[in-house]
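So you can see what is in the structure, the chains are spelled out below.
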Amino acid sequence: MATNRIYILDTTLRDGEQTPGVNLNVPEKVNIAQQLEILGVDIIEAGFANASEGDFQAVVDVARALKTAATCSLARCNEADVKAAHQAVRFAKKPRIHTFIATSDIHMQYKLKMSPETVLQRIENSVKLACTVCDEVQFSPEDASRTDKDFLRRVLETAIEAGAKIVNLPDTVGYSTVREFGALIKYIKENVNGIDDVVLGVHCHDDLGLAVANSLEAVLQGARQVECTVNGMGERAGNAALEEIVMGLYVRKDYYGCETGINTKEIHRTSKMVAGYTNAEPSPGKAIIGANAFLHESGIHQHGVLNNRATYEVMKAEDLGMVGQGMVLGKLSGKHAFIDRAEALGYRLDKEELDIAFIKFKDLADRKRLVTDRDIEALLGGEISEVPEIYHLVSFQAYTSNVLKATATLTMMREGVAYTETAVGNGAIDAALLAVDKISGMELELLKYRVKAASEGRDAIAEVNMRVGYDDRVASGRGISPDVVEASVLSYIAGLNRLISDQYF
Ligand code: KIV
Ligand code: ZN
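Residues numbered from 1 in each chain as written. Chains lettered and ligands numbered in written order. Predicted model: local features only at pLDDT ≥ 70, side-chain atom pairs only at ≥ 80, totals over all residues. Heavy atoms only, no water.

## Describing the overall build of the protein chain
When helices and strands are tallied, the protein chain shows 17 helices and 14 strands. Relative to the globule expectation of 23 Å for 505 residues, the C-alpha radius of gyration of the protein chain, 25 Å, shows essentially globular dimensions. Dimensions of the protein chain, computed from C-alpha atoms along their principal axes, come out at roughly 75 × 60 × 45 Å. Out of the 505 residues belonging to the protein chain, those deemed buried represent 54%. Considering only intrachain contacts with a sequence separation of at least 6, the fraction spanning at least 24 residues in the protein chain is 65%. Across the protein chain, the centroid of the 55 positively charged side chains sits 2 Å from that of the 71 negatively charged ones. (Helix = DSSP H or I, 4+ residues; strand = E, 2+ residues; numbered from the N terminus. Rg over C-alpha atoms; globule rule 2.2 N^0.38 Å. Buried < 20%, exposed > 50% of the residue type's maximum accessible area, 1.4 Å probe, protein only. Contact = heavy atoms within 4.5 Å. Lys, Arg positive; Asp, Glu negative; His and termini not counted. Charge placed at Lys NZ, Arg CZ, Asp CG, Glu CD.)

## Side note on the packing of helix 13 (residues 335-344) against helix 14 (residues 351-367)
Relative to each other, helix 13 and helix 14 sit at 105 degrees, their axes nearing to 11 Å. Taken together, the axis directions place helix 13 and helix 14 in an arrangement best described as roughly perpendicular. Residues K335, F338 and I339 of helix 13 touch helix 14, and the partners they reach there are L354, D355, A357, F358 and F361. Among the residues making up the contact of helix 13 with helix 14, the classes are represented as 6 nonpolar, no polar and 2 charged. (Axes fitted to C-alpha atoms, helices over the stretch in contact; angles between N-to-C directions. Parallel < 35°, antiparallel > 145°, perpendicular 65-115°, else oblique. Nonpolar A, V, L, I, M, F, W, Y, C, P; charged D, E, K, R; others polar.)

## Details of the coordination of the zinc ion (ligand 2)
A metal bound by six donors in octahedral fashion has ideal angles of 90 or 180 degrees, whereas one bound by four tetrahedral donors has an ideal angle of 109.5 degrees. Coordination sphere of the zinc ion (ligand 2), protein contribution only: D15 (OD), H203 (NE2) and H205 (NE2), at 2.0 to 2.1 Å. Between consecutive donors of the zinc ion (ligand 2), the numbers of intervening residues give the motif D-x187-H-x1-H. Within this pair, whereas D15 is found in the loop between strand 1 (7-10) and helix 1 (26-39), its partner H203 is found in strand 7 (residues 199-204), the two being separated by 188 residues in sequence. (Donors = N, O, S within 2.8 Å, 3.2 Å for Na, K, Ca; no water.)

## Quick notes on helix 1
With 14 residues, helix 1 should cover 20 Å at 1.5 Å per step; its first-to-last C-alpha distance of 20 Å lies within 8% of that length. By the criterion of burial, helix 1 is predominantly enclosed, with 11 of the 14 residues buried. For helix 1, the full list of buried residues reads V26, P27, E28, K29, V30, I32, A33, Q35, L36, E37 and L39. Structurally, helix 1 contributes buried residues whose contacts are with strand 1, strand 2 (43-47), helix 2 (53-65), helix 9 (242-251), helix 11 (267-278) and helix 17 (484-500). Just beyond helix 1, the residue with positive phi is G40, at close to 105 degrees. (Expected span 1.5 Å × (residues − 1).)

Keep in mind these values describe shape, not function.
Below you can see the structure in the form of structure tokens.
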């Protein structure tokens, strides 16, 4: 095991899912986990098995699906959590149990209401128990960066003696400065007995915007596992962003002298997939994967880039798997040309997926003169998987004006029967969604609506992501079409289908 190899633990499915408003279902989590594996992530924290039935099932299904990456479940330091984590990860080729307990004074006093000695006892008992059922046990002292240093030393020694193979230091509330965090790692490396026999990890939050900087400083000081999330998702201000950590180490290998097992060419695609499933688009200015990351506005910059991209770009967009605008397809393009383009963009489709995708492509090409790479990405990317087609849209018409209310007439099919309804609304989208409600007999609450141009030009594909609610349940849907009303209807129907599918419950 090379000492300059940095292990990437991705916690998008656990800490990332704690992003306010984000809720992933089990098939989405499995799809993301499989993409993370293709990306080259070493360990995937798939959930917190004892938190809910859904979390448990997600860990089980991810564990079953992964071939090379380790599957990890979080567990508090108690018997029930450790046992649930074991029950869930035992299906994995490489299972890991991640135990944690808070160790800062403020957390022990106000949250746990436990004495430091009790906390130490809990750590010993839980790590030992986890080690009886799982080879790879990780321990994290929550709020490590605000924990008394000498107590932290005792905490880590207790975990290591009890059998933990990985100890991980979280900056849980994103409080640490870069220098402090580096000094903490150094202190741990120099003072904790047994630390050189285990992997030392870090887990940084971004409350003060330092999550990535703190993680990279920790690497310089000897940390060899970094926990992160795709697009920096996570509780409050989020976690350290995987793409920033990985590209920091990749671009500045001269400085850090370390490498990861990540295939950087999968970063763009993974980011898009996560943004699509979570309905959480990174801001345009976000490093590495933001829409502006490779755009040059000022004339001086453009001039430099045209002569040599390295004048203003420290990495190549191609290294992230962003393929430049290549061949443009149209309605006469055949299946081979479509497969070629899809593969160049990094999509691996099996025969069945390909047949479906090609039908969608033909449909699009009939309506749009030129089909660009961005159109194909919109067509294939971020698809919310396994949305059962309980209802499907057959046709719609919408009439709108600035003097009268809009009217929409819609035909939808369910189990071979066509239903048609007309509704009047405040604008064509409102009218069309009301017509869907009339057909389904379910008045959905529209919790979130996001529309963007997924490609370029006046006939760009509109991509609509919605979150809809019914009773106390919520579901997401995505729809794409060159027509924004149709994209909205498709997104709404996808959400509706999820809400009423058995699989959802
Ligand atoms: O932020 C944190 O402290 C955590 C731990 C559970 C690792 O997420
Ligand atoms: Zn966290």
